[in-house]
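# Close look at the chain arrangement
In case you want the letters, here they are:
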Amino acid sequence: MKKILLLILCSFILMNFGTVASAESVWEVLGEKEDILTESDDFEGVKKLEAEMLRGLEDMCDWLKDPSDFPESMDFSMAVKVYVDTGIQNYETDQEKEIIKNFGQSEYVWVIPMVISGENVTVTVAKGQPLNEERASVLTSEEKDEIRDQEGKWTISEWAVGVGDPLLSQVQDKKDLLKDCDRAVLVGGVPGLHEPAVLGFKEGKAALWMPLGFSYPMLEDLPKSRGVSNGLYQYSDVIEASQEYVRYINSGSGGGGSIVEKEPPVSIFIVIVSVAVVSVFAAIFVIWERKKAE
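Reading the values: rules and limits
All residue numbers refer to position in the chain's written sequence, counted from 1. Under the rules for a predicted model, residues below a pLDDT of 70 receive no local features and side-chain atom pairs below 80 are neither given nor counted, while totals for whole chains, interfaces and linings still include all residues. Note that water and hydrogens are dropped before the side-chain values are worked out from all heavy atoms of the structure. The secondary structure listing takes helices from DSSP runs of H or I that are at least 4 residues long and strands from runs of E that are at least 2 residues long, numbered from the N terminus. Accessibility here uses a 1.4 Å probe with only protein chains present; expressed as a share of the type maximum, an area under 20% marks a residue as buried, one over 50% as exposed, and anything in between as partly exposed. Throughout, a contact is declared for two residues whenever any of their heavy atoms are within 4.5 Å. Arc definition: it is the arc formed by the directions from the helix axis to the C-beta atoms. A pair of strands is considered paired only if DSSP assigns at least 2 bridges between the two. Aromatic pairs are defined between Phe, Tyr and Trp rings, using the six-membered ring for Trp, whenever the two ring centres lie within 6.5 Å; interplanar angles under 30 degrees are classed as stacked, those over 60 as edge-to-face, and all others as tilted. The criterion for a charge sitting over a ring is simple: Lys NZ or Arg CZ within 6 Å of the ring centre, and within 35 degrees of the ring normal. What is meant by a nonpolar core is a set of buried Ala, Val, Leu, Ile, Met, Phe, Trp, Tyr and Cys residues, joined one to another through side-chain atoms within 4.5 Å. The predictor's confidence in any single residue is recorded as pLDDT, a number from 0 to 100. By salt bridge we mean one thing: a side-chain nitrogen of Lys or Arg within 4 Å of a carboxyl oxygen of Asp or Glu.

### Here we look at the overall build of the protein chain
Helix and strand counts for the protein chain come out as nine helices and eight strands. Counting over 294 residues, the protein chain shows a buried share of 46%. Contacts in the protein chain between residues far apart in sequence, at least 24 positions, make up 68% of those at least 6 positions apart.

### Here we look at helix α4 (residues 96-103)
Here α4 has its buried residues at Glu-96, Ile-99, Ile-100 and Phe-103. End-on, the buried residues of α4 take up no more than an arc of 95°, which puts them together on one face. Opposite its buried face, α4 presents the exposed residues Lys-97 and Lys-101, each directed more than 90 degrees away. As for α4, its buried residues are in contact with β1 (80-84), β5 (183-187), β6 (197-202), β7 (205-210) and α8 (235-251).

### Notes on the sheet that holds strand β8 (residues 233-234)
With mixed pairing, the eight strands of this open sheet are ordered in space as β4-β3-β2-β1-β5-β6-β7-β8. Every interior strand has two partners, whereas the edge strands, β4 (154-161) and β8, have only one. Relative to β8, β7 runs antiparallel, the two sharing two bridges. Its bridge partner lying in β8, Trp-209 is registered against Tyr-233.

### Quick word on the packing of aromatic side chains
Under the definition given, this model contains eight aromatic pairs. Pairing Phe-214 with Tyr-216 gives two aromatic rings, centres 6.4 Å apart and planes at 85°, and the pair type is edge-to-face. In terms of burial, Phe-214 and Tyr-216 fall into one category: buried. Grouping aromatic residues by their ring pairs yields a cluster made of Tyr-83, Tyr-91, Phe-103, Tyr-108, Trp-110 and Trp-154. Sitting above the plane of the Tyr-108 ring, Lys-81 keeps its charged end 4.3 Å from the centroid.

### A word on the environment of Gly-56
You can see Gly-56 is positioned in helix α3 (residues 50-60). Residue class for Gly-56 comes out buried when judged on its relative accessible area of 11%. It is 9.3 Å that separates the C-alpha atoms of Gly-56 and Glu-158, two residues lying 102 residues apart in sequence.

### Focus on the nonpolar core
Side chains that are nonpolar tend, in soluble globular proteins, to be buried together. Judged by nonpolar contacts, the single largest core of 68 residues is most densely connected at Met-53, Ile-88, Phe-103, Leu-199 and Trp-209. When neighbours within four sequence positions are excluded, Ile-88 is seen to be in contact with Ile-99, Phe-103, Val-190, Leu-199, Trp-209, Tyr-235 and Ile-239.

### Quick look at the confidence of the model for the protein chain
Chain-level pLDDT for the protein chain is 78 on average; 73% of the residues reach the 70-or-more range. For residues 1-25, every residue scores under 50 in pLDDT, and the model assigns this stretch four contacts once sequence neighbours within four places are set aside. Here residues 254-294 scores under 50 on pLDDT; set against residues more than four positions off or in separate chains, the count is 82 contacts.

### Section: the pattern of salt bridges
Proximity of charged atoms lets side chains of opposite charge pair with each other. Going through the model one piece at a time under the given rule, you end up with six salt bridges. Of the charged contacts, one joins Asp-35 and Arg-183 as a salt bridge, the two residues approaching to 3.1 Å between their closest N and O atoms. Within this pair, whereas Asp-35 is found in the loop between α1 (2-27) and α2 (43-47), its partner Arg-183 is found in strand β5, the two being separated by 148 residues in sequence. Neither Asp-35 nor Arg-183 differs from the other in exposure class; each is buried. Between Arg-148 and Asp-145 there is a salt bridge, with the nearest N and O atoms lying 3.4 Å from each other. Separated by three residues within a single helix, Arg-148 and Asp-145 lie in helix α5 (residues 141-150), roughly one turn from each other. We classify Arg-148 as partly exposed; its relative accessible area is 43%. For Asp-145, a relative accessible area of 49% puts it in the partly exposed group.

### Some remarks on the environment of Leu-232
Of note, Leu-232 is situated in the loop between α7 (217-220) and β8. Residue classification places Leu-232 among the buried residues on the basis of a relative accessible area of 15%.

### Here's the deal with unusual backbone geometry
Of note, Asp-85 is a non-glycine position whose phi angle comes to about 50°, a positive value. Position of Asp-85 relative to the elements: it lies in the loop between β1 and α4. We note that His-194 has phi near 65°; this positive angle belongs to a residue other than glycine. Mapped onto the secondary structure, His-194 falls in the loop between β5 and β6.

### Brief notes about the pairing of strand β2 (residues 107-116)
Among the 10 residues that make up β2, eight are buried, leaving the element largely enclosed by the rest of the structure. In this structure, β1 lies alongside β2, joined through five bridges in antiparallel fashion. The residue of β2 that forms the bridge with Lys-81 is Trp-110. Note that β2 and strand β3 (residues 119-127) share eight bridges and pair antiparallel. For Ile-116, the partnering residue across the bridge sits in β3 and is Glu-119. Hairpin remark: β2 followed by β3, antiparallel, with two residues in the connecting loop; positive phi at Ser-117, about 50°.

Written out as structure tokens, the structure reads:
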């Protein structure tokens, strides 16, 4: 009997060790302190929005048959940072230090995934941006004041249901493709990609792009000579294609380029729209929610 109990105990320990090791294997490359929400300086400000996050999700989770299935708190353990509107296609460098430095001056969002009664959901938070005076004419004085008050503060930019697997889980599933990378980050809003993809660094240089479970119009149209190898794309090939994509869009006609314009897919969060615009509408939604509660 003691031997049986010992075997059960050992199995339990090995199962838990395997889970921990699996999670840590992702953070080895996607795990700088500033990229992990629970360890970042942003966590305190983001966590203050927890009650608002839950209220928004509860309003959307109309498939729940039993209210007790709804979580009492948010799970921030799988939250990941996604850099957006970086302008990386214009950096003219592949040096990791320069790219990360530029990312530090760019906008980014935190994508917080959860599973509620078998459905994948996400909450995306972003820093409130300055009031866009060009769009201010459609806002009331109260809405303008609210946006100004939220400038620089964390705000909810999107609640989403019925989305794909968490970004971190997708990276975990493909972690072997990143084994040669020293670091990796998630980047969204790159012209032609739109959706988040993994940018991998090796030996101090940007080396590769790893697609996730989204549709990437530009990658689908890359010539075979610049195409995928073992599920990865060379950094320089994607940057060149992105530049071509921008030239095509700006020309309005294609100008002989090889990129075929397609309708951008619906994003789990619209990274192709400026975070500033998202913040404006998030602020309006918050105002509306408060009025409704009064």
